[in-house]
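# Observations on the model geometry
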Amino acid sequence: MTHSALSIKNLSYYYGERCALNELSVDIAEGVFFGLLGPNGAGKTTLMSLLTRLLKPASGEITVFNYALNKQANQAMRNIGVVFQQSTLDLDLSVAQNLAYHGALHGIAPKEVRIRIQQELTRFDLADRRHERVRNLNGGHRRRVELARALLHRPKLLLLDEASAGLDIDTRASLNRHLRHLCRDEGIAALWTTHLIEEIHEDDQLLILNGGRSLAQGQVQTLLSKHDAKNLPALFSQLTRPAA
Ligand SMILES: Nc1ncnc2c1ncn2[C@@H]1O[C@H](COP(=O)(O)OP(=O)(O)OP(=O)(O)O)[C@@H](O)[C@H]1O
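On a predicted model such as this, the values are computed, not experimentally measured, just so you know.

### Topic: the packing of aromatic side chains
Any two aromatic rings considered together are summarised by their centre-to-centre distance and by the angle between their planes. Taken as a whole and judged by the stated rule, the model has two aromatic pairs. Considering the side-chain rings of Tyr13 and Tyr15, the 4.9 Å spacing of their centres and the 75° angle between planes classify their relative orientation as edge-to-face. Relative to Trp192, the ring of Phe33 has its centre 5.9 Å away and its plane inclined at 35°; by these criteria the two rings are tilted. Here Trp192 lies in strand β8 (residues 189-194) and Phe33 lies in strand β3 (residues 33-37), a separation of 159 residues in the sequence. Of the two residues examined, Phe33 and Trp192, each falls in the buried class. Across from the ring centre of Phe65, 4.4 Å away, lies the NZ or CZ of Lys156, which sits over that ring. The positively charged end of Arg180 is found above the aromatic ring belonging to Phe33, 4.0 Å away from the centroid.

Spelled out as structure tokens, the structure:
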């Protein structure tokens with residue numbers, strides 16, 4: 001039986017009068033790579049901020065592995081790993097130091113932290129860079145360090161806000177592939193937000209968000225048949241085109 005990793009029900013958020021998210025509902029099962037596609041201003045970062053408790057919803061419910069985010073925040077947050085749009089690495093610390101701080105923040109014993117750092121850096125092909133300052137790494141390697149850090153406390157749900165922003169095409173594709181393997185091989189659920197259509201595949205689960213509203217949700221192939229669209233770019237422009 002598959003379990004729900006993330007359940008969002010009727011979630012709304014306002015900046016003053018401006019509605020940034022309007023009654024959004026989403027369900028993501030464990031082990032699923034879930035794409036969230038939306039143009040600039042769609043509400044992607046607002047959603048990420050609500051999911052990580054940086055913002056408080058105006059209304060609605062968020063549940064992570066059956067823990068209500070507002071009432072059982074510690075249990076819910078323990079299951080979440082995050083990669084924000086803007087890098088949050090300390091450039092003057094080494095790769096290993098950045099990860100060690102994260103481990104300490106999560107209350108993991110130092111010996112165990114050292115073991116996990118080695119495991120995660122090996123997974124991302126960065127073991128030989130562990131003592132290097134983050135400042136000396138290129139953009140793709142920095143992103144991999146952020147992913148390694150996000151996984152250090154062994155979360156079962158990863159939230160990635162435009163994690164591939166600013167990377168070249170090959171590095172973006174490799175990061176995207178890596179995430180898909182994590183979902184498939186380790187049962188981790190990932191919410192991958194992007195405004196780049198090519199990062200979404202035809203067998204992915206997808207939410208198209210625009211103006212804070214869900215325009216479509218489901219498996220891409222099913223959505224294409226339902227809306228009689230020949231491919232995802234066509235569907236996206238059909239759904240997001242302003243009314244004449
Ligand atoms: N701090 C803020 N104050 C007022 N309005 C805001 C604020 N942050 C975002 N908004 C507005 O809320 C809406 C959703 O913005 P959000 O940043 O969540 O979208 P996004 O999909 O992440 O966009 P992008 O792809 O450009 O990062 C937009 O209309 C935006 O202008």
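### Quick notes on the sheet that holds strand β2 (residues 18-29)
In spatial order, the strands read β2-β1-β4-β5; together these four strands make up an open sheet with antiparallel pairing. The two strands at the open ends of the sheet, each matched to only one other strand, are β2 and β5 (67-68). Here two bridges tie strand β4 (residues 59-64) to β5, and the two strands are oriented antiparallel to one another. Looking at the pairing, Thr63 lines up with Ala68 of β5. The strands that helix α1 (residues 44-51) touches are β1 (4-15), β2 and β4; relative to β1, the one it contacts most, it runs at about 115°.

### Observations regarding the nonpolar core
Core analysis: the largest hydrophobic core is formed by 31 residues, its most contacted members being Leu147, Leu158, Leu160 and Leu179. Counting only elements with at least two residues in this core, the list comes to α3 (95-105), α4 (110-123), α5 (139-151), β7 (157-161), α6 (169-186) and β8. Ranked by the residues each element gives to this core, the list is headed by α5, at five residues. Judged by nonpolar contacts, the second largest core, of 29 residues, contains Ile8, Ala42, Met48 and Ile62.

### A few points about the environment of Ala96
On the secondary structure map, Ala96 appears in helix α3. Once the C-alpha coordinates of Ala96 and Glu17 are considered, the two residues, 79 residues apart in sequence, prove to be 44 Å apart. If sequence neighbours within four positions are ignored, Ala96 has contacts with Ile117 and Arg130.

### Regarding the layout of surface pockets
Of the pockets and cavities examined, the largest pocket occupies roughly 320 Å³. Taken together, 17 residues form the lining of the largest pocket, with Val82, Phe84, His102, His106 and His153 sitting closest to its centre. Mapped onto the lining of the largest pocket, the elements with two or more residues apiece are α2 (73-78), β6 (80-83), α3 and α5. Examining the composition of the lining of the largest pocket, we find that four residues originate from one element, α3, more than from any other.

### Points about the side chain of Glu146
Within the fold, Glu146 resides in helix α5. Note on Glu146: relative accessible area 2%, which makes it buried. Beyond its immediate chain neighbours, meaning those up to four positions away, Glu146 contacts Val83, Ser87, Thr88 and Leu89.

### A closer look at the domain arrangement of the chain
Domain parsing of the chain yields domain 1 (4-79 + 155-240) and domain 2 (90-154). On a C-alpha basis, the centres of domain 1 and domain 2 stand 25 Å from each other. Counting residues at the interface gives 15 residues for domain 1, matched by 10 residues for domain 2. Taken together, both faces of the contact between domain 1 and domain 2 bury some 1100 Å²; the carbon and sulfur share is 69%. The largest per-residue losses of area from domain 1 upon contact with domain 2 belong to Pro155, Leu175 and His178, which jointly make up 40% of the total buried on that side. Remark: the boundary between domain 1 and domain 2 carries one salt bridge.

Scoring rules and cut-offs
- Each chain has its residues counted from 1, running along the sequence as written.
- Residue-level local features of this predicted model are given only where pLDDT is at least 70; pairs of side-chain atoms are given and counted only at 80 or more, and the full residue set underlies all totals for whole chains, interfaces and linings.
- Just so you know, side-chain values use all the structure's heavy atoms and leave hydrogens and water out.
- Under the pairing criterion, centres of Phe, Tyr and Trp rings, with the six-membered ring standing for Trp, must be within 6.5 Å; the plane angle then separates stacked pairs below 30 degrees from edge-to-face pairs above 60, leaving the rest tilted.
- Here a strand is any run of E in DSSP of at least two residues, a helix any run of H or I of at least four, and the numbering for each starts at the N terminus.
- Buried means the residue's accessible area, taken with a 1.4 Å probe over protein chains only, is under 20% of the maximum for its type, while exposed means over 50%, and partly exposed covers the values in between.
- A positively charged side chain is recorded as over a ring if its NZ (Lys) or CZ (Arg) lies within 6 Å of the ring centre. The angle to the ring normal must also be within 35 degrees.
- At least two bridges found by DSSP between two strands is the condition for calling them paired.
- Should any heavy atoms of two residues lie within 4.5 Å, those residues are considered in contact.
- In this description, a line fitted to the C-alpha atoms serves as the axis of each element, helices being fitted only across the stretch in contact, and the angle between N-to-C directions of two axes falls anywhere from 0 to 180 degrees.
- The set of buried Ala, Val, Leu, Ile, Met, Phe, Trp, Tyr and Cys residues whose side-chain atoms join them within 4.5 Å is what this entry labels a nonpolar core.
- Only protein atoms enter the 1 Å grid used here, on which a cavity is any set of points holding a 1.4 Å probe that cannot leave and a pocket is any open set flanked by protein within 12 Å on both sides along at least five of seven lines; residues with an atom within 4 Å of a point are listed as lining.
- Grid points are joined across faces, edges and corners, and a volume is the space filled by probe spheres set on the points.
- How far each domain reaches was decided by an automatic or database domain assignment.
- Defined here as a combined quantity, buried area equals the accessible surface (1.4 Å probe) lost by two parts on assembly, summed across both.
- Between Lys or Arg on one side and Asp or Glu on the other, a salt bridge is scored when a side-chain nitrogen of the former is within 4 Å of a carboxyl oxygen of the latter.

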